[in-house]
Amino acid sequence: MSTNGRPRTTAEKIWDNHVVAERPGAPSLIYIDLHLCHEVTTPQAFSTLRARGLKVRRPDLTVATMDHSTPTTSRELPLLMDPAGSAQLQQLEDNCKEFGIRLYNLKSDKQGIVHVVGPELGMTQPGMTIVCGDSHTATHGAFGALAFGIGTSQVGHVLATQCLLQVPSKPYEIRVDGALRNGVTAKDIILAVIAKIGIGGGTECVFEYTGSAIRALSMEERMTICNMSIEGGARAGLVAPDDTTYQYMAGREFAPKGAGWDAALARWKQLPTDEGAVYAKQLILNADQLEPMITFGTNPGMGIPVSGKIPTPESMVDLQARADLEKALKYMDLQPGRPMAGHPINVVFVGSCTNSRISDLRAAAAIMKGRKVSPTVRMLVVPGSMQVRQQAVAEGLDKIFRDSGAEFREAGCSMCLAMNGDQLEPGEYSVSTSNRNFEGRQGKGGRTFLASPLTAAASAVTGVVTDARSL
Amino acid sequence: MPIPKIQTIESKTVVIPIENIDTDQIIPARFLKTTSMEGLGEGLFCDWRYNADGSPKPDFVLNQPQAKGAEILVAGDNFGCGSSREHAPWALKQYGFKAVISSSFADIFRGNSLKNGLLPVIVPADIHAELLRWPGIQIKIDLASQTVTLPGGRTIEFPIDPFAKHCLLEGVDELGYIQQQEAAIAAYEAKRV
């Protein structure tokens, strides 16, 4: 460990603990503690292994689940509806069998979105390096892990060697002090952060979320924030572990037990950033001043308070920014200067690796209880995992959603990315709890407003963009 | 798989003057239901390139005659943001691009591109603005000297990670390079908690 007494950030400590080799003129070789796999970004990597006659080096550190091209309609229905998607799921099944990797398939009661499954089963642990062929891997940073998305070539590198060539990222502190007001959520914090720094603001950085408002958040709320680090341009984002982290982890299936737990806890307590550690960049927000947020445009940085007005291109000094805003408003078919609240919508999607955990479903159900989905709106509630789904059913949330007129689905990525049968029709507007509002992201020609589960549910009731506090 | 070597790329440019072009635009998710790397070039910029009935949109630059044969794409700032899908550089390569020039790239896209012989070239804002303004000009990118040469002969240096440069110039296979460090990996595993 190259401490030399220099104060270090959490990310720097994890990095130092994982350096396998340093060679002049090359990036560091870093060891990976947990490799999460899904059906979309792994087939070509397994093909590379097969072509070279290689094995998976550490199947014990590799776990797979099905989520992206996975239908969330009844599991009894034949997958033949989608031959390409089915072939991809079958390929993952075959690859995991051939290479000896644990797989949570569609028959498993632990299947779900990769970034929901890892934490809830206790596989995600403080101090780990975690990778997945998915940009939302930063989610796992909520536990004080260094977790980041990789491409398929790198998936192959990790499968074969359990290592990656990496250069360290610059530490970027995002400090949120104060206390959130009633009706303002973790999703609103991260949407406000991205609106502030822009979607490229964190390029080459790893975010560390600090401050009293972050400390007060539950693990699920921290996951929502870390999840969208990539939307601020950072590959990774993390929260140093604390008692909230340890309490969440204790007793989970893959969490250490007995003497192993005590030893792990002692290691984890070394992880928080040292007093005097230096960040390359810093952003400070006051939680007391945050409002429920919503995006109006075609990237996650185009966000405003739900009570706000759509910006006017004339107000932009930078000509390129003005052109981009004009392009976004044209695609979204929105009038500059008009309020967002009250804009009609067609679909509400509660789900995705950002907001599909039990607390998200509880928040949405609290709004829906005793209310109906507007007749002009279709509402989908898609639990992030079968474990979340079971819990929701045990609490009667499924009944609340169904009674309100919402669809309550099986676990998967669903309408977040429109490759599994769930998607917007051209021209439709959605309020979605997911993470991306890019053109066509939720279906060709579809238009996405990103918001919290509270805002999404309230909008489902009224049929227009609605601040849940006004219900 | 050894990656193809890159020395120099000489081509006219195609310009898409839009900032923050995300990987969902480069290759929409519905094209990701493949288990191979092939056939992605047709899906490149699909929703910008084609109408709902499959006919080409005449106002999109890749459908215009002057784009034919161009190997260098010039695009707005923060190119390749969003999803980690390596299908994005695969699609750009299969379409025929060998380099993308911008004022910045999203991290994962840049890394994925370098592993597939698609050169991400970062130029200063003023040069970037010039390149965006003059589509179709003939330029030369030389990797060894890390320079872009403009039509008037002016050269601009661009940054690149030295190891990535070495791999592209020599066709070094990164997986093979990591495997050579087996002793260090085994030693790390032996002391790992």
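We now turn to the structure provided with this report. (Residues numbered from 1 in each chain as written. Chains lettered and ligands numbered in written order. Predicted model: local features only at pLDDT ≥ 70, side-chain atom pairs only at ≥ 80, totals over all residues. Heavy atoms only, no water.)

Moving on: the environment of A:S169. Residue and element names in this part refer to chain A. Note that S169 resides in the loop between strand 8 (163-166) and strand 9 (170-177). Residue classification places S169 among the partly exposed positions, given a relative accessible area of 35%. For the pair formed by S169 and A234, sequence separation is 65 residues and the distance between their alpha carbons is 8.8 Å. Among residues more than four places away in sequence, those in contact with S169 are E204, C205 and V206. (Helix = DSSP H or I, 4+ residues; strand = E, 2+ residues; numbered from the N terminus. Buried < 20%, exposed > 50% of the residue type's maximum accessible area, 1.4 Å probe, protein only. Contact = heavy atoms within 4.5 Å.)

Residue and element names in this part refer to chain A. Across the two faces of strand 3 (residues 34-37) the burial is the same, with L34 and L36 and H35 and C37 all buried. Of the strand pairs in this sheet, strand 3 and strand 6 (residues 129-132) are connected by 3 bridges, and their pairing is parallel. From the neighbouring strand, L36 faces strand 6, where its bridge partner is C132. Inspection of the sheet shows strand 3 paired to strand 4 (residues 62-65) by 3 bridges, in the parallel sense. Residue pairing in the sheet places L36 in a bridge with V63 of strand 4. (Pairing = 2+ DSSP bridges.)

Residue and element names in this part refer to chain A. Relative to each other, helix 12 (residues 358-368) and helix 15 (residues 453-462) sit at 30°, their axes nearing to 8 Å. Considering their axes alone, helix 12 and helix 15 lie roughly parallel with respect to each other. Pair helix 12 / helix 15 crosses with right-handed handedness. Listed contacts from helix 15 to D360, A363, A364, I367 and M368 of helix 12 are P453, L454, A457, A458, A460 and V461. Looking at side-chain class alone, the contact of helix 12 with helix 15 contains 10 nonpolar, no polar and 1 charged residues. (Axes fitted to C-alpha atoms, helices over the stretch in contact; angles between N-to-C directions. Parallel < 35°, antiparallel > 145°, perpendicular 65-115°, else oblique. Left-handed = near helix turned anticlockwise from the far one by under 90°. Nonpolar A, V, L, I, M, F, W, Y, C, P; charged D, E, K, R; others polar.)

The way to describe two aromatic rings as a pair is by their centre distance and the angle between their planes. Scanning the entire structure with this criterion turns up 17 aromatic pairs over all chains. Centre to centre, the rings of B:F105 and B:F109 are 6.3 Å apart; their planes meet at 10°, and the pair counts as stacked. Each member of the pair B:F105 and B:F109 is classed as buried. One aromatic cluster in this structure is built from A:Y172, A:F207 and A:Y209. Above the plane of the ring of B:Y177 lies A:R23, whose end atom (NZ or CZ) is 5.2 Å from the centre. The ring of A:Y248 has A:R252 lying over it, and the distance from NZ or CZ to the ring centre is 3.7 Å. (Phe/Tyr/Trp six-rings, centres within 6.5 Å; stacked < 30°, edge-to-face > 60°. Lys NZ or Arg CZ within 6 Å of the ring centre and 35° of its normal.)

A few words now on the interface of chain B and chain A. When the parts come together, some accessible area is lost, and that loss is often what is quoted as the size of the interface. Taken together, the contact between chain B and chain A spans 56 residues of the former and 64 residues of the latter. In total, chain B and chain A occlude about 5000 Å² of area from one another, counting both sides; carbon and sulfur atoms represent 54% of this. A per-residue breakdown of the area chain B buries against chain A is headed by B:K33, B:L175 and B:Y188, which together make up 14% of the total. Joining chain B to chain A, the criterion identifies 8 salt bridges. For A:R441, the salt bridge is made with B:D24, and the minimal N-O distance between the two is 2.9 Å. Joining chain B to chain A, the criterion identifies 22 residue pairs in polar contact (both at pLDDT 80 or more). (Buried area = accessible area lost by both parts, 1.4 Å probe. Salt bridge = Lys/Arg side-chain N within 4 Å of Asp/Glu carboxyl O. Polar contact = N/O pair within 3.5 Å; in protein donor to acceptor, adjacent residues only side chain to side chain.)

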